[in-house]
Amino acid sequence: SASTISSIDVLLSNHASELAIAMRTLSTNASSARSSGPEFDEQHVHCALEILRTAGLFKRNLQTFEYSVKNQLRMLSDEIMMVDIVLLDSSGIIPDELAPTQIGAMLAKVACDPYPKYIDDGTGVKCPTTVVELRRLADPAGKGNKKESENIVSPPLFPKALDSTSRLARSCLSFVFEVCSAIPERQLHGISALPVWKQDGALDDDETSYGILPQSFITHVGEHMLALVQALEPFASDPDALGLANEVMSGVLEVAVQPWKEFMAAAGCSFKAGYEKSQLEILMRGKDLSKYFLYENDEDALEDDMGGHDKDEEDEGEEASAAFCNQWLDVVGLAVAGRLLERTMRIPRLGHKGSEHLATDLNYIRNVFTALGVSGHPHPLLGYIAHLVTLEDVALRSTIKRRRQGVDVEVPSEALEVIKRVELRIAYVKNISV
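Quantities reported herein were computed from a predicted structural model and do not represent experimental measurements. (Residues numbered from 1 in each chain as written. Predicted model: local features only at pLDDT ≥ 70, side-chain atom pairs only at ≥ 80, totals over all residues. Heavy atoms only, no water.)

### What to know about the overall build of the protein
Using the following cut-off: A run of H or I in DSSP counts as a helix once it spans at least four residues, and a run of E counts as a strand once it spans at least two, with each numbered from the N terminus. Using a 1.4 Å probe on the protein chains alone, a residue whose accessible area is under 20% of its type maximum counts as buried, one over 50% counts as exposed, and one in between counts as partly exposed. Contacts are residue-level and defined by heavy atoms, with any inter-residue pair within 4.5 Å sufficient. Accessible surface is estimated by sampling points in the Shrake-Rupley manner with a 1.4 Å probe; for residues, cover comes only from the protein chains shown.
In terms of regular secondary structure, the protein is built from 16 helices and two strands. Burial statistics for the protein: of 434 residues in total, 43% are counted as buried. The contacts in the protein between residues at least 6 apart in sequence include a share of 80% that link residues at least 24 apart. Accessible area of the protein: about 23,000 Å², with a carbon and sulfur share of 53%.

Here you go:
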């Protein structure tokens, strides 16, 4: 009956919720340990991915169980209907011989509805209320009475359990993300207050001769991103584990959203109410963002427009493994880019020498993302800010003036407002009056 299904739903939901709570507790404890713990360990990533596999197994088992229950309900409704026909044909007298399934159907009918009423099942056929109820539970969308071409999605039989499973999946995704992004978060945490940004004056002889080297914090981040590839590949090379993990990978982008929200706040921006999620995703993806950039020459613009990477031919297994690795590299890369942009917006003062250091750091991480070969990376804002911080005062002032005059922009957008705020912020920290 519906009450029995509901009780099972609650039991499964409670179990999934307990697992989700356990994952959040584990994540909190692990985060505390990583904040001052050892350096990156590939084994930590593998263990976190095993937890993700467990969540995928739970979801798949729930789907299999629901499919099995629906089949049983459907078969039982058919058996009850057949027994009902047999009894009607024999004027209510039980036949001498009955199959075990028929006996079971009779017992189920009496247990569920000892004094049945006959109602229309929606097709003009009179059926016992028990049959109608079982068919409704087995086929909530009524797909049995629809054409296959209508492609109706049946509502879940255990909705509470499915919701709890989704929460479990999000907890596991967050845990994997925190393990994979802990080193970049730690390295980027205090960079806004580094004294190097305030340095002014000309470059010294070594810097002029050999160029400015990227600072240690950004090289640690870059090395981590490159090491993450090797950490992800062993798990992704196991087809069974990969299949289970992919069961709960939908919505993984959400774990990388927080740094971008903080970047928006640091830049003094906000999106229109009701459109925050979609607009933030557009900004994170950076799609068509470079068309709003104002460069002094076409070479810089062309560099930011270069997106995507040639895809080598791979067999199906290798392609699935690469897609999984790239999905996590994409998410962690987006979080790193968002956090670096947010920290850049919080730099209180940029001198001439400090600007050169910042541009070097930004270009270094861009080269790392390019080397990874993940589609959509490096984020175009990284290159544009590296360009802005090295502009002469007159050139940056001219760029902002063109913005105010609406030059080169036909259609205003939310993304354009973000870019304007970034340009103004860079001018402010460089002490350029606009």
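There is more to say after this.
### Some details on empty space enclosed by the protein
Just so we agree on the cut-off: The way it works is a 1 Å grid over only the protein atoms, where trapped points that fit a 1.4 Å probe form a cavity and open points with protein on both sides within 12 Å along at least five of seven lines form a pocket, and then any residue with an atom within 4 Å of a point lines it. Grid points are joined across faces, edges and corners, and a volume is the space filled by probe spheres set on the points. Throughout, the ten residues Ala, Val, Leu, Ile, Met, Phe, Trp, Tyr, Cys and Pro are labelled nonpolar, Asp, Glu, Lys and Arg are labelled charged, and all others, Gly among them, are labelled polar.
On inspection of all chains with the given rule, the structure shows one cavity of 30 Å³ or more. Roughly 30 Å³ of volume is contained in the largest cavity. Taken together, Ser-181, Pro-184, Glu-185, Leu-188, Ala-335, Val-336 and Arg-339 make up the full set of residues lining the largest cavity. Counting residues per element, the ones that place at least two in the lining of the largest cavity are α5 (159–188) and α12 (316–345). In terms of residue count, α5 provides more of the lining of the largest cavity than any other element does, four residues in total. Considered class by class, the residues forming the lining of the largest cavity number four nonpolar, one polar and two charged.

### Description of unusual backbone geometry
With the exception of glycine, most residues fall at negative phi, and the peptide bonds are largely trans. For the bond running from His-377 to Pro-378, omega is 0 degrees, close enough to zero to count as cis. Positioned with a positive phi, Asp-288 is a non-glycine residue whose angle comes to about 60 degrees. With respect to the helices and strands, the residue Asp-288 is situated in the loop between α10 (276–285) and α11 (298–305). Among the residues examined, Asp-288 registers a relative accessible area of 48% and is labelled partly exposed. Positive phi, normally seen in glycine, also occurs at Asn-431, with a value near 60 degrees. Position of Asn-431 among the secondary structure elements: in the segment after α16 (414–429). Note on Asn-431: relative accessible area 63%, which makes it exposed.

### Overview of the nonpolar core
Defined as follows: Only buried residues count toward a nonpolar core. Its members are Ala, Val, Leu, Ile, Met, Phe, Trp, Tyr and Cys residues joined through side-chain atoms within 4.5 Å.
Within the largest apolar cluster, 101 residues are counted, with the highest numbers of intra-cluster contacts made by Leu-49, Leu-52, Trp-260, Phe-263, Leu-283, Phe-324 and Trp-328. Counting residues per element, this core draws most heavily on α12, which supplies 13 residues. Contact partners of Phe-324, with chain neighbours within four places excluded, come to Leu-49, Leu-52, Phe-235, Ala-236, Leu-242, Ala-245, Asn-246 and Met-249. Ranked by size, the runner-up nonpolar core spans 14 residues in total, among them Leu-134, Leu-137, Phe-158 and Ala-161.

### Comments concerning the packing of helix α9 (residues 257–267) against α10
Using the following cut-off: Inter-axis angles, ranging from 0 to 180 degrees, are taken between N-to-C directions of lines fitted to C-alpha atoms, where helices are fitted over the stretch in contact. In this scheme, roughly parallel covers angles under 35 degrees and roughly antiparallel covers those over 145, while 65 to 115 is roughly perpendicular and the rest are oblique.
Look at α9 against α10: their axes get within 11 Å of each other, and the N-to-C directions meet at 95 degrees. It follows from the interaxial angle that α9 and α10 lie roughly perpendicular. For the pair α9 and α10, the contacting residues are Val-257, Trp-260, Lys-261, Phe-263 and Met-264 in the first and Leu-280, Leu-283 and Met-284 in the second. For the contact of α9 with α10, the per-class residue count stands at seven nonpolar, no polar and one charged.

The values reported here are purely geometric and, on their own, carry no functional implication.
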